[in-house]
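A closer look at the structure
Given next are the chains, with one letter for each unit.
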Amino acid sequence: MRYIIIGAGAVGGTLGGRLAGAGHEVVLVARGTQYAALTERGLQLRVPDGEFTYRLPTVDGPGALGELRPDDVLVLAVKTQDSEDALATWGPAPVSGGGTAAERLPLVCAQNGVESQRLALRRFRRVYGVCVWLPSTFVEPGVVSAAGSPLTGILHLGRYPHGTDETARLIAADLEKAHFEAPVTPDVTRWQYAKLLGNLVNAIEAVAGVVLGNDEALALYARVRAEGERVLSAAGIPHATEEEQRTARGDKVELVALAGENAVRGGGSSWQSLTRGTGTIEADYLNGEITLLGRLHNVPTPLNTLLQNLANTFARERKPAGSLPVSDLVRLADEAETTSQSLTQPAQAPHAAGE
């Protein structure tokens, strides 16, 4: 199978580089400075076993490839806010022998959150979800790093909305030859919602900086996560437990120091978006997913709504990542909860005259 990686950033670049290193045919899809760097200098992948440069075919859309092949696998690795444009672009692409990509090819959503696969299923017949546990960083145009060892990442994979098939098993086998563990599971969304709860910390990290080792930030995340768990419970959405995740991960993906880089990553995907000044951030599909479900199921979500709005403001106004003091963020969170409680408390009946 040929893998077409739509969005060759941190996750997509790592997937493409590792698959190419394992001998698989890979095409990268990128735009702007990333497209220019990849076409001029190739993809540089920094991993614990070395630095590798892969000169892979790179395109900015399906037109450059002509007809797609029946054995192509489309891997969607853009940020969720960019998914609709990518799906609209690649869905109508013709496939050799007749039909379109949306009708004939598997589309693998290797992204945070759960919204992209919903969007994809409106257009594509064969959609696969991935729970992406892959610590990676966009270093600069053309350069990505992934510090996980001995495995680069763990990628639970399955059909969306549920089930497995031979294509999923073939993709998983290719990934497992490329420094990943790829369990095939019929309930991939259960793992994705567990990852979503973990990703609720992304907005805290993006606006207020490092969370690990900061007691105030960790305590705030515990409150944000508890709010998310209440919402998933009210919605009847199951998710893998923290113990299941710890057991699945074990010590398979430990961060190590790479040449010229710190073993501790500067920040996750949302932090990287602010640092790069992209002007967008994925908070609407992480904290915003909890906000949406809370509104659908009548569960207040003051903390996740606050973080969603703050992250969007930071991205829109291109504020520096981590520039809001944690103490100020906690104060805003306290105020948001207090306001929410006052709005949801039932009104007191007026006293009768003489009482």
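The coordinates are above.
Description of the structure in this document. Fair warning: this is a prediction, and the values are worked out from it, not measured in the lab.

Overview of empty space enclosed by the protein
Considering all chains together, one arrives at four cavities of 30 Å³ or more under this definition. Its volume calculated, the largest cavity comes out at about 110 Å³. Tyr 3, Ile 5, Leu 15, Leu 19, Val 75, Val 108, Ala 110, Val 130, Leu 155, Leu 157, Ile 171 and Leu 175 together form the lining of the largest cavity. Residue assignment for the lining of the largest cavity shows that the elements contributing at least two residues are β1 (2-6), α1 (10-21), β12 (153-159) and α6 (166-176). Looking at the lining of the largest cavity, its residues break down into twelve nonpolar, no polar and no charged.

With respect to the sheet that holds strand β7 (residues 106-109)
Taking strand neighbours across the sheet as the criterion, the eight strands line up as β5-β2-β1-β6-β7-β8-β12-β13 in an open arrangement whose pairing is mixed. Strand pairing shows two members of the sheet lacking a second neighbour, β5 (58-59) and β13 (180-181), which therefore form its edges. Here strand β2 (residues 25-29) pairs with β5 via two bridges, running parallel. From the neighbouring strand, Leu 28 faces β5, where its bridge partner is Thr 58. On the sheet, helix α3 (residues 83-90) packs against β1, β2, β6 (72-76) and β7 and is oriented at approximately 160 degrees with respect to β6. Along the sheet, helix α7 (residues 188-199) contacts β8 (126-133) and β12; its crossing angle with β8, the most-contacted strand, is approximately 40 degrees.

Considering the nonpolar core
Note that soluble globular proteins tend to have their nonpolar side chains buried in a common cluster. Ile 204 and Leu 329 are the most contacted members of the largest nonpolar core, which has 39 residues in total. Sorting the residues of this core by element identifies α7, α8 (201-208), α9 (215-235), α12 (287-296), α13 (302-316) and α14 (326-344) as the ones contributing at least two each. The element contributing the most residues to this core is α13, with seven residues. Counting 36 residues, the second largest nonpolar core, distinct from the first, contains Tyr 3, Leu 15, Val 26 and Val 47.

Observations concerning the packing of aromatic side chains
Evaluation of the coordinates by the stated rule reveals one aromatic pair. On the numbers, 6.2 Å between centres and 25 degrees between planes, the contact of Phe 52 with Tyr 54 is stacked. Tyr 54 sits in the buried class, given a relative accessible area of 15%. The aromatic ring of Phe 138 is capped on one face by Arg 276, whose charged end is 3.8 Å from the ring centroid.

Description of α3
Within the span of α3, buried status applies to Ser 83, Ala 86, Leu 87 and Trp 90. With its buried residues spanning 100 degrees around the axis, α3 presents them on a single face. Against β1, β2, β6, α4 (101-104), β7 and α5 (115-123) lie the buried residues of α3.

Details of the sheet that holds strand β3 (residues 43-47)
Strand order in the open sheet formed by four strands is β4-β3-β10-β9, and the pairing between neighbours is mixed. A strand with exactly one partner marks an edge of an open sheet, and here the two such strands are β4 (50-54) and β9 (137-140). Direction aside, neighbouring strands of the sheet carry axes that sit 25 degrees apart on average. As paired strands, β9 and strand β10 (residues 143-145) are joined by three bridges and run antiparallel to one another.

Quick notes on the pairing of β7
Along any regular strand, the residues point their side chains to alternate faces of the sheet. Every second residue of β7 is oriented toward a common face, with Pro 106 and Val 108 on one face and Leu 107 and Cys 109 on the other, all of them buried. Pairing between β6 and β7: three bridges, direction parallel. Bridged to Leu 74 within β7 is Leu 107. As paired strands, β7 and β8 are joined by four bridges and run parallel to one another.

Quick word on the pattern of salt bridges
Under the counting rule described, the total for this entry stands at 21 salt bridges. In this structure, the salt-bridge partner of Asp 72 is Arg 2, at a minimum N-O distance of 2.7 Å. Placement of the pair is Asp 72 in strand β6 and Arg 2 in strand β1, with a sequence separation of 70 residues. Here the residues in one salt-bridge network are Arg 2, Glu 25, Arg 69, Asp 71 and Asp 72, joined through shared partners.

Observations regarding the side chain of Ser 340
On the secondary structure map, Ser 340 appears in helix α14. Overall, the relative accessible area of 15% leaves Ser 340 in the buried class. The contacts of Ser 340, once residues within four sequence positions are left out, are Pro 300 and Pro 302.

Quick notes on the packing of α3 against α5
Where α3 contacts α5, the axes come no closer than 10 Å and their chain directions differ by 25 degrees. Taken as axis vectors, α3 and α5 run roughly parallel relative to one another. Between α3 and α5 lies a crossing of right-handed hand. Contact residues: α3 offers Ser 83, Glu 84, Leu 87 and Ala 88, while α5 offers Ser 116, Leu 119, Ala 120 and Arg 123. The class makeup of the residues in the contact of α3 with α5 is four nonpolar, two polar and two charged.

Rules used in this analysis
- Residues numbered from 1 in each chain as written.
- Predicted model: local features only at pLDDT ≥ 70, side-chain atom pairs only at ≥ 80, totals over all residues.
- Heavy atoms only, no water.
- 1 Å grid on protein atoms, 1.4 Å probe; cavity = no way out; pocket = protein on both sides within 12 Å on 5 of 7 lines; lining within 4 Å.
- Points joined across faces, edges and corners; volume = space filled by probe spheres on them.
- Helix = DSSP H or I, 4+ residues; strand = E, 2+ residues; numbered from the N terminus.
- Nonpolar A, V, L, I, M, F, W, Y, C, P; charged D, E, K, R; others polar.
- Pairing = 2+ DSSP bridges.
- Contact = heavy atoms within 4.5 Å.
- Axes fitted to C-alpha atoms, helices over the stretch in contact; angles between N-to-C directions.
- Core = buried A, V, L, I, M, F, W, Y, C linked by side-chain atoms within 4.5 Å.
- Buried < 20%, exposed > 50% of the residue type's maximum accessible area, 1.4 Å probe, protein only.
- Phe/Tyr/Trp six-rings, centres within 6.5 Å; stacked < 30°, edge-to-face > 60°.
- Lys NZ or Arg CZ within 6 Å of the ring centre and 35° of its normal.
- Arc of directions from axis to C-beta.
- Salt bridge = Lys/Arg side-chain N within 4 Å of Asp/Glu carboxyl O.
- Parallel < 35°, antiparallel > 145°, perpendicular 65-115°, else oblique.
- Left-handed = near helix turned anticlockwise from the far one by under 90°.

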